[in-house]
Structure formats: structure tokens, C-alpha cells
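Structural overview for review
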Amino acid sequence: MEAASPAGPSAPRPPAQAAEGAPARLLRRVRGALFTWNILKTIALGQMLSLCICGTAITSQYLAEKFKVNTPMLQSFINYCLLFLIYTVMLAFRSGNDNLLCILKKKWWKYILLGLADVEANYLIVRAYQYTTLTSVQLLDCFGIPVLMALSWFILYARYRVIHFIAVAVCLLGVGTMVGADILAGREDNSGSDVLIGDILVLLGASLYAVSNVCEEYIVKKLSRQEFLGMVGLFGTIISGIQLLIVEYKDIASIHWDWKIALLFVAFALCMFCLYSFMPLVIKVTSATSVNLGILTADLYSLFFGLFLFGYKFSGLYILSFAVIMLGFILYCSTPTRTAEPAESSVPPPVASIGIDNLGLKLEENLPETHSVAL
């Protein structure tokens, strides 16, 4: 009788090979869960938004430090005007119930509140820098993430898992590392006149950002991206224009305009317009919470540019904080949240059970056959 082949199904594996195979299989599973193509795409989209925020921060700081121009409301007003000229006009030429007039008749007061929250969130965060330190703004601005998660729980019916809370804690740990690097580098020395007022402004601004982002997620997933941007452009232009005349008319009158200042205003407006235009696209396939976790790296990008433009001191802790934030972001995106909301009749049952967070990415990854139908 011939001997059985070692490669046959009945041949036992050597103990050393079995011991080496278990960690390897575990590593492959972890890598397959955390580093899928769709998660990498989510990371890329989030960092694109971070670069847009970095552009607005760099141009604003350059205007303030080099040209002594501090007009945050004027800069926001230009952005809202661009949104109005493009997206509000698009709504005006629509037909049916998606027309601008029909939307205003049904929901005008809701969009006034949304526009007010968005405008004041931008204004309060920028104004807080005049009263408190950079460190306080960076730390307290993270207050918007738990507020956003709480609002998503009650308004969007998101149901989080333990991994999501761990991921948020990891991201906040990364922010703490970044703040520690700022302290060691001496970037926290520019204290304002009243730290308490500045801290309160940051908390209010972060809370209003959370309100605006939750409303944005609801509108872009239930209605349309054009409706959100068109309504924000319309009422943002009106509200910021009125506030501009009240609080910044003297600052605007004192600007000594030249081509450099005009170019910085244009660069800020383009970065802000790209941020507003692309964020609904990212939120539609992820969620407002995951987007806010992803853009925590914006301050780090601003720092890297500041090394060359403003002479910042570099610290290895910045690289560590970036890695920690990205780790938390990947952990958050690796597992979709559940939803307590009843399934839509137009969405197939397997899709509805996935949850609203990272819905688009999970559809692409797990349900290719229902992708076109669901989205």
C-alpha cells in the first residue's frame, strides 16, 4: 500500500506551522476589517475636507498677521454669496416640489434657524481667538463631537456600539497629544483678554456646529444636497450680511486694499466653498460624526504649513497625534452604527439593517447587488 501524500486532507499540520498560522490569520482578519478600499476612500475624503479647512485657517491667519485684517464675517459672507449664486439659483430653476418657492412655503422658518446656527457657529469660533488661547480653542472645540453624537442619537436614531466610543476616545487622545505639542512648542502663549468669555464662545460655537451638521446629514440623506446648500446660501447670505453691517463695517472701511489682500480673500472663499460643496457628499456616504472625527487633523495640516509660513516649531508629538487621530478615525469607520428608525419602503431590508452611519460605503463593500437601487 502506498503512503498517504503529506498534502492530502488527512495529513496533520506540524505544530509549529499551526502555531504560526493562527497569528497570521488573525492579522489578516484585522487588516481586512480595518484597511478595506472603502475605509481608505473614507480617509481620503476626510483629509480632503481637512485640507480645505487648513486653507481657510492659513489664509485667515495670513490676513490677520501680515496685513492686520480681521474680518471673519466678511469672509463668511463671500462664501454664502457663492453658495447663493450657484445652488440657490439652481433651486430657483427646478420644477415641482423641489422648486425654491415650494421649499420656502413649507420650511422657510426651519432653514432660517439652520442658517442662523451655521453663521453664528463660524463667527463664534473665530471671535473666541480674541479672548482665549489656541490651546483652549483646540480642546474645547472637541465638545462638538459628543454633542453631535447625542443629537444623532435622538434626531437621526443612530445607535452606537462600544467600538465607536473607543474610537472617539482615541481621537480625543490624539487631540490632547497635539495640544501637548503646542504647549511644548510655545504656541499657547497668546492669551486673550478674558479666557472665560473665549471658552464660552468656543463651547457655544461647537454646539452650533453640531446642530448644523446633524441637520445637514438629515437633509442630504432624506432630501438633497442641492436643497441644503441652496437654503444655507440664501439665509446665510441674508443673516451674515446683516451682521456684517452691524459688527464689521469699521474694520472693512479701514482695509487698505491691494492685490495680495484680494487674492487671500479669494483663496479663503474658494477653500470655504469647496468645503461646503464637498462635505454633503462625504456625509451622505458616511455620517456627520465620522466627518468631524476625520477633520480633527486640519489643525495639524495648518501647523505643517505654518512651519514654513509663520516659523512654527516642530515637535515629533505632532506626527504621533496625527497617527493616533487617524487610528481612532479608522476604528470608527470600521463598524457601522445601527439605527432605530423604521426601514424605508424603498430600501431593501438587508440595507436597512446596516444603519445610517457609513451606509454608502458599507453598501459598496457588502451589498454590491443592491448598490444602485439603494443609493
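The following refers to the structure shown. Please read all numbers here as calculations on a predicted model, not as lab measurements. (Residues numbered from 1 in each chain as written. Predicted model: local features only at pLDDT ≥ 70, side-chain atom pairs only at ≥ 80, totals over all residues. Heavy atoms only, no water.)

1. Some points on the packing of helix H13 (residues 298–309) against helix H14 (residues 316–334)
- Contact geometry for H13 and H14: axes closest at 10 Å, N-to-C directions at 155°. Our classification of the angle between H13 and H14 gives roughly antiparallel. You can see that H13 and H14 cross each other, and the crossing is left-handed. Each of Leu300, Tyr301, Leu303 and Phe304 in H13 lies in contact with H14, whose residues at this interface are Tyr318, Ile319, Ser321, Phe322 and Ile325.
- Residue composition of the contact of H13 with H14, grouped by class: eight nonpolar, one polar and no charged. (Axes fitted to C-alpha atoms, helices over the stretch in contact; angles between N-to-C directions. Helix = DSSP H or I, 4+ residues; strand = E, 2+ residues; numbered from the N terminus. Parallel < 35°, antiparallel > 145°, perpendicular 65-115°, else oblique. Left-handed = near helix turned anticlockwise from the far one by under 90°. Contact = heavy atoms within 4.5 Å. Nonpolar A, V, L, I, M, F, W, Y, C, P; charged D, E, K, R; others polar.)

2. Considering the pattern of salt bridges
- Following the criterion strictly, the structure yields two salt bridges and no others.
- Its salt-bridge partner being Lys107, residue Glu227 comes within 2.8 Å of it at the nearest N-O pair. Residue Glu227 is located in helix H9 (residues 225–247), and its partner Lys107 is located in helix H4 (residues 100–128); the two are separated by 120 residues in the primary sequence. The exposure classification of Glu227 matches that of Lys107, with both residues buried.
- In this structure, Lys221 and Glu217 form a salt bridge, with 3.1 Å as the shortest nitrogen-oxygen distance. With Lys221 and Glu217 both in helix H8 (residues 195–222) and four residues apart, the pair spans about one turn of that helix. (Salt bridge = Lys/Arg side-chain N within 4 Å of Asp/Glu carboxyl O. Buried < 20%, exposed > 50% of the residue type's maximum accessible area, 1.4 Å probe, protein only.)

3. So, the environment of Ala117
- Mapping Ala117 onto the fold places it in helix H4.
- Look at Ala117 and you get buried, because its relative accessible area is 8%.

4. Quick word on the packing of aromatic side chains
- For the structure on display, the rule yields six aromatic pairs.
- Ring plane angle 40° and centroid distance 5.2 Å describe the contact between Trp257 and Phe265, whose orientation is recorded as tilted.
- Assessed through its relative accessible area of 48%, Trp257 is described here as partly exposed.
- Ring centres of Tyr301 and Phe322 lie 6.0 Å apart, and the angle between their planes is 65°; this geometry places the pair in the edge-to-face category. With a gap of 21 residues between them, Tyr301 in helix H13 and Phe322 in helix H14 connect regions that are remote in the sequence.
- By relative accessible area, Phe322 is classed as partly exposed at 25%.
- The ring of Tyr62 has Lys66 sitting right over it, with the charged end atom 6.0 Å from the ring centre.
- Here Arg159 stacks its cationic end above the ring of Trp153, 4.2 Å away from the centre of that ring. (Phe/Tyr/Trp six-rings, centres within 6.5 Å; stacked < 30°, edge-to-face > 60°. Lys NZ or Arg CZ within 6 Å of the ring centre and 35° of its normal.)

Read these as geometric descriptors, not functional statements.
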